Amino acid sequence: MADPSARVTATFADEDGLEDIVEEPDEMVEKWAAEVEDAITALRRCEAGEGVPAVAASCLEGEVVVLETATGKVIHELDGHKGGTLCLGVGKDPTRLASGGEDGRIKVWDLNTGSLLSSTDCFQEGDRRKGSVEIIACCSSSDRFAAAYGKDVWIVSFAGDEPAVRLESLSTSVAALALSTAMTVHVATDGKLHLYEDMGRGKISYLEMDHAMNTLSVDPTGKWVVAGCLDKLVHVWNMESGESFQIKGISSKVKICAFDPPGEKMVCNSGPAALVWPVDGEGPAGRVPCYLHAHESSLEAASWGPGGTGLLATGGAEGLIIVWDAKESRATNMPNGTRGPDVLAVVGVAEHDDAVMVLEWVDSSSIVAGYESGAIVCWGM
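In this text the structure is predicted, and so the values were computed from the model without any measurement. (Residues numbered from 1 in each chain as written. Predicted model: local features only at pLDDT ≥ 70, side-chain atom pairs only at ≥ 80, totals over all residues. Heavy atoms only, no water.)

Asks: Lay out the side chain of Thr 69 with the relevant residues and their values.
Replies: Mapped onto the elements, Thr 69 comes out in the loop between strand S4 (64-68) and strand S5 (74-78). The contacts of Thr 69, once residues within four sequence positions are left out, are Trp 32, Pro 53, Ala 54, Val 55, Val 362 and Cys 378. (Helix = DSSP H or I, 4+ residues; strand = E, 2+ residues; numbered from the N terminus. Contact = heavy atoms within 4.5 Å.)

In structure tokens, the structure reads:
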């Protein structure tokens, strides 16, 4: 396959060519705000009570709050995890919430009542030291999820009615985790991508690579798997053909890789910018991404809007949130007269006084942002 790195590097080597396409987008409206005691680590759209749309937020202080998305009213305050809650997950049943934290436990909560359904201690006899549960991978069609604890991957039921299962202990710590709609667990370790079909009950295989992975994402069809790497590149696998290639020319370690719901585009970070790649058809190889450069500091979060809206929200360390329309792009020209990268239309912005940590769309026109200060704000278009 062609390596697209040369074209990508050339198209945005000179950012001055983007100055003439800056627009004045609408400011988003603050619908409500809440606050917890420490930095927000995760946000997940869910339901509480009798089908009430809600969002769960976890923080480094440990607590998990469940807020009504319409008003910001606190529905539940969950104990979370001693030392800090690091990750959340929601599966097929939106009233079941999974959490993991510094205490090395995986918990499942019933959001109808706010009660704890199950708690799994991942520390096993023979382990040298207690670790933390830092990653949870879920799928909206599954009633089970995967969680990473050190070198181990656990499979846990959202129903809380069966014991958790630990998959084989790996040789190095889990760096990233993803679950496909086909129920294949993708596990990134140092130099390997492990594949566990049928949530570990089927075939086990792995793919080797020479780079340290930092994040993983699988497109909705399962055809494309992407890994953001610490050495400033994205590794792409075509799971149908078995081919793979690398996207280079990125200016920072890659901590964000995410496919849109239809599986047509993929976003990754590059310093303060976001790169949006087309992945329809033959995928991103040899194609030029949309280059979104509007943040003043590093890009910390990105979230695609629900369904096929084509909306993409990005959040930066400077506190700015930008909503882009991936269905409306325009070409740019470089100072030397050559064509530059396409850019997306900006349809909304929101400013806050501290760093954006995580973003979660709660409907087609509202997005919740979690900040370093512990603030949680719902912004409306």
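Now that the structure has been shown, the text picks up again.
Asks: Run through the nonpolar core, naming residues and quoting values.
Replies: The biggest cluster of nonpolar side chains holds 17 residues, and the ones touching the most others in it are Val 234, Met 266 and Cys 268. Mapped by element, the contributors of at least two residues to this core are strand S19 (224-229), strand S20 (234-238), strand S21 (244-247), strand S22 (257-259), strand S23 (265-270) and strand S24 (273-278). Per-element accounting of this core gives the leading share, three residues, to S24. The contacts of Cys 268, once residues within four sequence positions are left out, are Val 234, Ile 250, Val 254, Ile 256, Cys 257, Ala 273, Ala 274, Leu 275 and Trp 277. (Core = buried A, V, L, I, M, F, W, Y, C linked by side-chain atoms within 4.5 Å. Buried < 20%, exposed > 50% of the residue type's maximum accessible area, 1.4 Å probe, protein only.)

Asks: Mind laying out a negative patch on the surface, listing which residues take part and the relevant values?
Replies: Taken together, the side chains of Asp 26, Glu 27, Glu 296 and Glu 351 present a region of like negative charge at the surface. Relative to the assigned elements, Glu 27 resides in the loop between helix H1 (5-11) and strand S1 (29-35). Owing to a relative accessible area of 64%, Glu 27 belongs among the exposed residues under this scheme. (Patch = residues over 30% accessible without salt bridge, like charges linked within 9 Å, V, L, I, M, F, W, Y side chains within 5 Å. Areas by Shrake-Rupley, 256 points an atom, 1.4 Å probe, with all protein chains shown as cover. Salt bridge = Lys/Arg side-chain N within 4 Å of Asp/Glu carboxyl O. Lys, Arg positive; Asp, Glu negative; His and termini not counted. Charge placed at Lys NZ, Arg CZ, Asp CG, Glu CD.)

Asks: An account of the confidence of the model for the protein is requested, with residue identities and associated values reported.
Replies: Counting all residues, the mean pLDDT for the protein is 89, and 90% of those residues have values of 70 or more. Residue range residues 1-22 is modelled with pLDDT below 50. Its contacts to residues more than four positions away, or to other chains, number 49 contacts. (pLDDT = per-residue confidence, 0-100.)

Asks: Describe the packing of aromatic side chains, naming the residues involved and giving the relevant values.
Replies: The full count for this structure, using the stated rule, is one aromatic pair. For the pair Phe 145 and Phe 158, a centre-to-centre distance of 4.7 Å together with 50° between the ring planes defines the contact as tilted. Residue Phe 145 is located in strand S11 (residues 144-149), and its partner Phe 158 is located in the loop between strand S12 (152-157) and strand S13 (165-166); the two are separated by 13 residues in the primary sequence. Summarising the burial analysis for this pair, Phe 145 and Phe 158 share the class buried. Positioned over the ring face of Tyr 206 is Lys 192, at 4.2 Å from the centre of the ring. (Phe/Tyr/Trp six-rings, centres within 6.5 Å; stacked < 30°, edge-to-face > 60°. Lys NZ or Arg CZ within 6 Å of the ring centre and 35° of its normal.)

Asks: Which residues make up the pairing of S5, and what values go with them?
Replies: Alignment of S4 against S5, held across four bridges, turns out to be antiparallel. Looking at S5, one finds that Val 65 is bridged to Glu 77. The antiparallel pairing of S4 with S5 creates a hairpin that spans five residues between the two strands, and Gly 72 there sits at a positive phi of about 85°. (Pairing = 2+ DSSP bridges.)

Asks: For unusual backbone geometry, give the residues involved together with the corresponding values.
Replies: Positive phi, close to 50°, is recorded for Asp 198, a residue that is not glycine. Topologically, Asp 198 is positioned in the loop between strand S16 (192-196) and strand S17 (204-208). Among the residues examined, Asp 198 registers a relative accessible area of 37% and is labelled partly exposed. Positive phi outside glycine occurs at Met 199, with the angle close to 55°. Within the secondary structure, Met 199 is located in the loop between S16 and S17. Looking at Met 199, the relative accessible area reads 3%, which means it is buried.

Asks: With reference to specific residues and values, describe the sheet that holds strand S30 (residues 356-363).
Replies: With antiparallel pairing, the four strands of this open sheet are ordered in space as S1-S32-S31-S30. Edge positions in the sheet fall to S1 and S30, since each has one partner strand and no second. For this sheet, the mean inter-axis angle between neighbouring strands, taken without regard to orientation, is 20°. (Axes fitted to C-alpha atoms, helices over the stretch in contact; angles between N-to-C directions.)

Asks: Summarise the sheet that holds S22; cite the residues concerned and give the values.
Replies: Judged by pairing direction, the sheet is antiparallel, and its four strands sit side by side in the order S22-S23-S24-S25 without closing on themselves. Every interior strand has two partners, whereas the edge strands, S22 and strand S25 (290-292), have only one. Taking each pair of neighbouring strands and ignoring which way they run, the sheet shows an average axis angle of 20°.

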